[in-house]
Amino acid sequence: MAGPGSHSPDAAELRSEPREEHPRPELGRGQEVSGGRRGPSLAAMKLNERSLASYATCDAPADNVGFLYKKGGRHAAYHRRWFVLRGNMLFYFEDPASREPVGVIVLEGCTVELVEASEEFAFAVRFAGARTRTYVLAAESQAAMEGWVKALSRASFDYLRLVVRELEQQLAAMRAGGCLGPGRPPRALPPPKENGCAVWSAELPANPAAASSSRPGPEPPPLPPRRRASASIGPLDVASFAQLHEWYGQEVRALRSQWGRSRAQP
Amino acid sequence: MRYNEKELRALSRQPAELAAELGMRGPKKGSVLKRRLVKLVVNFLFYFRTDEAEPIGALLLEHCRVIKEEPSVFSISFIEDPERKYHFECSSEEQCEQWTEALRQASYEFMRKTLISYRNEIQKMTGKDPLEQFGISEEARFQLSSWKV
């Protein structure tokens, strides 16, 4: 645990290295961190920011882009920012022409909710744990808000990995000659919440890592996939996936009822 | 660049795909080799001092290149500066193989490509889009047009 006792040469080198990673050293690390107070002797984490900026601004089409209003803090004003979603990283810029993001929100483990706020079309990105920051964002239209909520709640690496595993299993079953139906029979879904707020969770149960033996390239990888000793594809994983499917079904229903209500009130 | 450090730290405590004590050398000229606990969680590589619970740093593994430099040494570099390399020394050639393979497949982008190829294959075999059952078949990020070799 990093504590007052860690005055080793390592610590000194750690502090001198950050200058390279931070093109704007005058800001200081403490001011760059949003949310939560760090302990007095806990050094800031290094991050390959130059690579992040490069990833954020690369030519490939992003998963979602658009202007959103971002609340500065609990009692702060909203700032209009240009948001770019790539994978499980939500970058935000001053404007679309900016060459470097103002910041990034790592989305892994977040949940996305509609919220009642002073701004219309508001939603929140929340994280589990004590004293974590909730990001309140507001879109400029109903459609944009729905698009963002959908995109963000499915942005996690964990979610993508689950879908890939599911397809991997389907392929394996097909190649083994088993017959696989197009889907599971839909279960009865619980009704959406009365207060109009529905929760979409991108959070998934921790799954043991299953090896993905797929190799990069246009050809599909050979099957069956090689698995690590710790991995287990069994009823538990299948149940998790069915549960996830149910959550998203719930999401669609909640959204539909929300649209219905908002249309009923001119 | 601001980032949600708290959440990233929490992520570093999640179960890892792969974790080991390796020798690590930073990209700066004259960097010294140090023992680090290196932990792969989703598309992040966290590194810790061997006796500490909080990570010193993290590398986002998107648009990176993993190269086997020597039988038991690999490096990670990034597209925008391929000569700037983080070196990792393993205890065996086997361990080095294990890490290079895992890291090459660790990115979100790699996972996306895998999904697209599986989808395509299943669609060819069955005539049906397997993503429809998940309600995500229309998402731009899974379209073949976003495929990049």
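Residues numbered from 1 in each chain as written. Chains lettered and ligands numbered in written order. Predicted model: local features only at pLDDT ≥ 70, side-chain atom pairs only at ≥ 80, totals over all residues. Heavy atoms only, no water.

Colleague: I keep staring at the pairing of strand S2 (residues 64–71) of chain A and nothing clicks. Help me out?
Modeller: Consecutive side chains of a regular strand alternate in pointing toward one face of the sheet and then the other. All names here are of chain A. As judged from the eight bridges shared by S2 and strand S3 (residues 78–86), these two strands associate in the antiparallel manner. Among the inter-strand pairings, tyrosine 69 is bridged to a residue of S3, identified as arginine 80. Connecting the antiparallel pair S2 and S3 is a turn made up of six residues. The sheet contact formed by S2 and strand S8 (residues 135–138) spans two bridges and is antiparallel. Its bridge partner being in S8, lysine 70 is matched across the sheet by leucine 137. (Pairing = 2+ DSSP bridges. Helix = DSSP H or I, 4+ residues; strand = E, 2+ residues; numbered from the N terminus.)

Colleague: Explain the packing of aromatic side chains to me, please; I cannot follow it from the model alone.
Modeller: The geometry of two aromatic rings is summed up by the distance between their centres and the angle between their planes. Applying the stated criterion across every chain yields a total of 10 aromatic pairs over all chains. Between the aromatic rings of tyrosine 55 of chain A and phenylalanine 91 of chain A, the centroid separation amounts to 6.2 Å while the plane-to-plane angle is 75 degrees, which identifies the pairing as edge-to-face. With tyrosine 55 of chain A in helix H4 (residues 49–56) and phenylalanine 91 of chain A in strand S4 (residues 89–93), this residue pair connects regions lying 36 residues apart in the sequence. The exposure classification of tyrosine 55 of chain A matches that of phenylalanine 91 of chain A, with both residues buried. Look at phenylalanine 78 of chain B and tyrosine 86 of chain B: their rings are 6.4 Å apart centre to centre, the planes differ by 85 degrees, and that puts the pair in the edge-to-face class. An aromatic cluster is built from Phe83, Tyr92 and Trp148 of chain A, whose rings are joined through pairwise contacts. Over the face of the ring belonging to phenylalanine 67 of chain A we find arginine 80 of chain A, whose NZ or CZ atom lies 3.8 Å from the ring centre. (Phe/Tyr/Trp six-rings, centres within 6.5 Å; stacked < 30°, edge-to-face > 60°. Buried < 20%, exposed > 50% of the residue type's maximum accessible area, 1.4 Å probe, protein only. Lys NZ or Arg CZ within 6 Å of the ring centre and 35° of its normal.)

Colleague: Help me understand H4 of chain A, please; the structure alone is not making it clear to me.
Modeller: Since the α-helix turns once every 3.6 residues, residues separated by three or four places project in the same direction. When you tally the buried positions in H4 of chain A, you get seven out of eight residues, the bulk of the element. What H4 of chain A keeps buried is the set Glu49, Ser51, Leu52, Ala53, Ser54, Tyr55 and Ala56 of chain A.

Colleague: Even after reading the chapter, I still don't get the side chain of glutamate 108 of chain A, so can you show me in this structure?
Modeller: Following the sequence through the fold, glutamate 108 of chain A ends up in the loop between strand S5 (103–106) and strand S6 (110–114). Within the local environment of glutamate 108 of chain A, its side chain forms a polar contact with the backbone nitrogen of phenylalanine 157 of chain A, the two atoms lying 3.0 Å apart. A polar contact is formed between the side chain of glutamate 108 of chain A and the backbone nitrogen of aspartate 158 of chain A, at a distance of 3.0 Å. In this view, glutamate 108 of chain A contacts Asn88, Phe127, Ser156, Phe157 and Asp158 of chain A together with Leu11 and Val42 of chain B; residues no more than four positions away in its chain are not counted. (Polar contact = N/O pair within 3.5 Å; in protein donor to acceptor, adjacent residues only side chain to side chain. Contact = heavy atoms within 4.5 Å.)

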